[in-house]
Amino acid sequence: MTPPDDFDPPVGVSIELTPGLRRVVAPNPSPMTYRGTNTYLLGTRELAVIDPGPESAAHLEAILAALGPGQSISHIVVTHTHLDHSPLARPLAARTGAPVLAYGGPEAGRSAVMQALAAGGLAGGGEGIDRAFTPDRTVADGETIEGDGWALEVIHTPGHLGNHIALAWEDICFTADHVMGWASSLVSPPDGDLTDFMAACARLRARNWRAFHPGHGAPVNAPAARLDWLIEHRQGREAAILEALEDGACTARGLAERIYTETPAALLPAAERNVFAHLVDLYGKTRVSPIGDLAAGATFERLK
């Protein structure tokens, strides 16, 4: 389910998506961030900025330039602490006086199995973690962030990152990197946990949504269908891994090379991380077992 590559908005320009909601795309395109990070401005007078984005003087000025007469920023909400989402929060707070809200610091929400892997020396991959990030106020699952004419319900959606949250604005959801239309979310242990990711997908699927506004790419206007595809996609990867292990025990790297046959070599490490995430999930389900300790380089065998 690869969408057409027609999302190409102007960078640094405020675009109205629906009354009371605008988007400004940051100047950080890459294979991991697509056209760049989506920063959202919610409200008409005192605004919430959702995901201020990467450290970028140009993007900081673009956000401030989007303010119209009589408008100010009252809240800065960070969905998770990857380097393409959170670093600009502190400079924006310094310019506006608005507090920074988030689920927590870089390791908040990390599952017990991922804590153990991190303690064993496994480092994260992917977009990179904003290790310096500290919110002014932490928010909890189910909490409502209230502003001037708007309210956001916090939904803890770990999986892509332990501290990842989605934000419900009535029947619209800001899904950040958990659900996107242009690609499936990266789940890279120890920062990402596939067991948590799938549970969060099921939780979002249980509600009726009109649209998703993701951290990268265009709005998702068929949220239920997209979630169904993401769940089926992961289930398909799981089935492929189990089938490959029928031929004998193998490492995550070896499985990635067998399964991701059309993936460019530069992206194979990310694919390997995804496979390892599946192996950890399957280990938790007692479907596979490492030969020795659970580790990224371990050889895994299928359990009958």
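Keep in mind that this is a model prediction, so the values were computed, not measured.

Thoughts on the domain arrangement of the protein chain
And step 1. Looking at the protein chain, the domain boundaries give domain 1 (13-221) and domain 2 (237-302).
And step 2. For the pairing of domain 1 and domain 2, the buried interface totals around 1000 Å² over both sides, and the portion due to carbon and sulfur atoms is 69%.
And step 3. Area buried by domain 1 at its contact with domain 2 is led by Leu117, Pro189 and Leu194, which between them contribute 40% of it.
And step 4. Run the count over domain 1 and domain 2 and you get zero salt bridges.
And step 5. Viewed at the interface, domain 2 and domain 1 are joined by three residue pairs in polar contact (both at pLDDT 80 or more).
And step 6. Mapped onto the side of domain 1 that touches domain 2, the elements with two or more residues apiece are helix H3 (112-119) and helix H4 (194-205).

Some thoughts on the pairing of strand S12 (residues 211-214)
Residues in a regular strand project their side chains so that they alternate between the two faces of the sheet.
And step 1. Alternating positions in S12 separate into two faces, Ala211 and His213 on one and Phe212 and Pro214 on the other, with burial throughout.
And step 2. Traced from strand S11 (residues 172-176) through H4 to S12, the parallel crossover comes out right-handed.

Here we look at the packing of helix H5 (residues 223-245) against helix H6 (residues 252-259)
And step 1. Between H5 and H6, whose axes approach to 10 Å, the crossing angle comes to 110 degrees. Comparing their axes, H6 and H5 come out roughly perpendicular. Here H5 contributes Arg237, Ala240, Ile241, Ala244 and Leu245 to the contact with H6, which in turn contributes Leu255, Arg258 and Ile259.
And step 2. Broken down by class, the residue content of the contact of H5 with H6 amounts to six nonpolar, no polar and two charged.

Parameters and conventions
Residues numbered from 1 in each chain as written. Predicted model: local features only at pLDDT ≥ 70, side-chain atom pairs only at ≥ 80, totals over all residues. Heavy atoms only, no water. Domains from an automatic or database assignment. Buried area = accessible area lost by both parts, 1.4 Å probe. Salt bridge = Lys/Arg side-chain N within 4 Å of Asp/Glu carboxyl O. Polar contact = N/O pair within 3.5 Å; in protein donor to acceptor, adjacent residues only side chain to side chain. Helix = DSSP H or I, 4+ residues; strand = E, 2+ residues; numbered from the N terminus. Buried < 20%, exposed > 50% of the residue type's maximum accessible area, 1.4 Å probe, protein only. Right-handed = clockwise from strand over helix to strand, strands pointing away. Axes fitted to C-alpha atoms, helices over the stretch in contact; angles between N-to-C directions. Parallel < 35°, antiparallel > 145°, perpendicular 65-115°, else oblique. Contact = heavy atoms within 4.5 Å. Nonpolar A, V, L, I, M, F, W, Y, C, P; charged D, E, K, R; others polar.

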